Amino acid sequence: AVKPDFAKAHGNLGNLLMSKGRLEEALVCYQNVLAIDPGSFVAYNNMGNALRLQNRLQEAVDSYRQAVRLNRDYVEVHVNLGTILMEQGQLDEALERFRYALTLDPGHVRAAAGVARMYESLGDFETAYAGLQPFLASGKENVDVALAFAALCRHIHRCDEAIAMMERLLDPSAPPIGVYERVLLHFDLGRLLDAAAEYDRAFAHYSQGNALKINQTRRFDPKKHAADVDKIIEAYSAEFMSGAPRAANASQLPIFIVGMPRSGTSLVEQILASHPQVFGGGELADISRIADSLPGMLGTQLPYPQCIAAITSEKCDILSQRYLERLKTLSQ
């Protein structure tokens, strides 16, 4: 209020809001920082963190990449970018980001844990464990190391140690850790305890993780979800689809992989992307953004999907061309 152009205050307020799960408000704060200081690589990094927690993954990647362009030697952004690329199955670049972070800071725990996670994903369990071992032996327990160890432990028959480490980190007497980290620990503990046939303990950790996650995100409303699906069914009726306008562009460039979460869609993408004529784009948010933009583009007050009735061939052509251009910028 006293100094509206004080960028650092906007940034600190954004960090506090994000820690309380108020992600949209945090994003506004980071945008305020960039309006004052367009060269703030820290603001781009923090914006990427907030976008990632909203599952706006491609926007988060774009924000992290902008931070890298502004400061190639900012360790945290390489680790954050590596983490999200790993989650999207872009393993080669993810490993490159983690390794570069370690050249900047050889003792960076998150980067080392990221490298271990990468080697575990690639099936090189000995190298993964060798990278983690110094941190495991140090006696200084860390969430990122514990999560990497949890992913690796079944391959090296040390899951009891991983379970004990995560339980110590979650103990009320242990140093405090963030809510997001607690959620991950509870879910990984649930997974390992379930595999060990400790079903009651596993269920307790899954329940605690879910309770924390609900407090940090918008609560899922099954009635609203059902109503939204009903609106889609109504808007895309057989009658509408039989006469709906189409784009003239007949490009076969896009490949859409559709499936439920955890059903193997990322694996299918990796298999296809191993072909030299296929590029894996990850979980893009472009189609959702197109849907969100339709009411304004069509000049109607009706929200999506009701507004689809006003679509024209001309608008389909514009949208399809924009989408194809976007894919080409990603894949060269």
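Residues numbered from 1 in each chain as written. Predicted model: local features only at pLDDT ≥ 70, side-chain atom pairs only at ≥ 80, totals over all residues. Heavy atoms only, no water.

1. Some remarks on the overall build of the protein
Then comes step 1: Scanning the protein from terminus to terminus reveals 17 helices and 0 strands.
Then comes step 2: Dimensions of the protein along its principal axes, counting C-alpha atoms only, are 65 × 55 × 45 Å.
Then comes step 3: Buried positions account for 36% of the 332 residues belonging to the protein.
Then comes step 4: A fraction of 52% describes how many contacts in the protein between residues 6 or more apart in sequence connect residues 24 or more apart.
Then comes step 5: Roughly 19,600 Å² of accessible area belongs to the protein as shown, and the carbon and sulfur atoms make up 55% of that amount. (Helix = DSSP H or I, 4+ residues; strand = E, 2+ residues; numbered from the N terminus. Buried < 20%, exposed > 50% of the residue type's maximum accessible area, 1.4 Å probe, protein only. Contact = heavy atoms within 4.5 Å. Areas by Shrake-Rupley, 256 points an atom, 1.4 Å probe, with all protein chains shown as cover.)

2. Some words on the packing of aromatic side chains
For any pair of aromatic rings, the description consists of the separation of the ring centres together with the inter-plane angle of the planes.
Then comes step 1: On inspection of all chains with the given rule, the structure shows 4 aromatic pairs.
Then comes step 2: Ring centres 5.0 Å apart and planes at 65 degrees place the aromatic pair Phe41 and Tyr74 in the edge-to-face group. With Phe41 in helix α3 (residues 41–53) and Tyr74 in the loop between α4 (57–70) and α5 (75–87), this pair connects stretches of sequence that are 33 residues apart.
Then comes step 3: Since its relative accessible area comes to 18%, Tyr74 is described here as buried. (Phe/Tyr/Trp six-rings, centres within 6.5 Å; stacked < 30°, edge-to-face > 60°.)

3. Overview of unusual backbone geometry
Then comes step 1: Omega for the peptide link from Tyr304 to Pro305 comes to 10 degrees, which places this bond in the cis form.
Then comes step 2: Structurally, the position occupied by Pro305 is in the loop between α16 (286–298) and α17 (313–331).
Then comes step 3: Phi at His157 takes a positive value of approximately 60 degrees, unusual for a residue other than glycine.
Then comes step 4: Position of His157 among the secondary structure elements: in the loop between α9 (143–156) and α10 (159–170).
Then comes step 5: Look at His157 and you get exposed, because its relative accessible area is 73%.

4. Here we look at the packing of helix α8 (residues 125–137) against α9
Then comes step 1: Packing of α8 against α9 brings their axes to within 10 Å, and their N-to-C directions diverge by 135 degrees. Here α9 runs oblique to α8, going by the angle between their axes. Every pair of crossing elements has a handedness; the one defined by α8 and α9 is left-handed. In contact with Phe125, Ala128, Tyr129, Leu132, Phe135 and Leu136 of α8, α9 contributes Val145, Ala148, Phe149, Leu152, His155 and Ile156.
Then comes step 2: By residue class, the composition of the contact of α8 with α9 is 11 nonpolar, 1 polar and no charged. (Axes fitted to C-alpha atoms, helices over the stretch in contact; angles between N-to-C directions. Parallel < 35°, antiparallel > 145°, perpendicular 65-115°, else oblique. Left-handed = near helix turned anticlockwise from the far one by under 90°. Nonpolar A, V, L, I, M, F, W, Y, C, P; charged D, E, K, R; others polar.)

5. A closer look at the state of the cysteines
Then comes step 1: Inspection of every chain in the model, using the stated rule, returns 0 disulfides.
Then comes step 2: There is no disulfide at Cys316, and the cysteine sulfur nearest it, in Cys307, is 12 Å away.
Then comes step 3: According to the relative accessible area criterion, Cys316 is buried, its value standing at 16%. (Disulfide = S-S within 2.5 Å.)

6. Regarding the pattern of salt bridges
Then comes step 1: Taken as a whole and assessed by the stated rule, the structure comprises 16 salt bridges.
Then comes step 2: Glu24 is the partner of Arg56 in a salt bridge, and the nearest nitrogen-oxygen pair spans 3.6 Å. Of this pair, Arg56 sits in the loop between α3 and α4 while Glu24 sits in helix α2 (residues 23–36), and the two are 32 residues apart along the sequence.
Then comes step 3: By relative accessible area, Arg56 is classed as partly exposed at 27%.
Then comes step 4: The exposure class assigned to Glu24 is partly exposed, which follows from its relative accessible area of 48%.
Then comes step 5: Arg110 is paired through a salt bridge with Glu76; the nearest N and O atoms lie 3.1 Å apart. Of this pair, Arg110 sits in helix α7 (residues 109–121) while Glu76 sits in helix α5, and the two are 34 residues apart along the sequence.
Then comes step 6: You can call Arg110 partly exposed: its relative accessible area is 24%. (Salt bridge = Lys/Arg side-chain N within 4 Å of Asp/Glu carboxyl O.)

7. Concerning a nonpolar patch on the surface
Then comes step 1: A cluster of nonpolar side chains, namely Ile255, Ile257, Val268 and Leu272, defines an oily patch on the protein surface of about 310 Å² accessible area.
Then comes step 2: Mapped onto the secondary structure, Ile255 falls in the loop between α14 (238–243) and α15 (265–273). (Patch = residues over 30% accessible without salt bridge, like charges linked within 9 Å, V, L, I, M, F, W, Y side chains within 5 Å.)

8. Let's talk about the side chain of Arg52
Then comes step 1: On the secondary structure map, Arg52 appears in helix α3.
Then comes step 2: Look at Arg52 and you get buried, because its relative accessible area is 18%.
Then comes step 3: Setting aside residues up to four positions removed in sequence, Arg52 forms contacts with Leu57, Ala60, Tyr64, Thr83, Ile84, Glu87 and Tyr180.

9. Some points on helix α11 (residues 179–195)
Working note: α-helix, 3.6 residues per turn, so residues spaced by three or four point in the same direction.
Then comes step 1: With 17 residues, α11 extends 25 Å between its outermost C-alpha atoms, agreeing within 8% with the 24 Å of an ideal straight helix rising 1.5 Å per residue.
Then comes step 2: Buried residues of α11: Val183, Leu185, His186, Asp188, Leu189, Gly190, Leu192 and Leu193, and no others.
Then comes step 3: Ala197 occupies a position one or two residues after α11 and carries a positive phi of about 65 degrees. (Expected span 1.5 Å × (residues − 1).)

10. A look at the confidence of the model for the protein
It should be kept in mind that the predicted coordinates are not to be read in detail where pLDDT is low.
Then comes step 1: Of all residues in the protein, 98% have pLDDT values of 70 or greater, and the mean over the chain is 90.
Then comes step 2: Across the protein, α14 holds the top mean pLDDT of 96, while α16 sits lowest at 85. (pLDDT = per-residue confidence, 0-100.)

11. A few points about the environment of Leu324
Then comes step 1: When you line up the elements, Leu324 lands in helix α17.
Then comes step 2: Taking the C-alpha atoms as reference points, Leu324 and Gln252, 72 residues apart in sequence, are found 9.9 Å from one another.
Then comes step 3: What Leu324 contacts, discounting residues up to four positions off in sequence, is Asn249, Ser251, Leu253 and Pro254.

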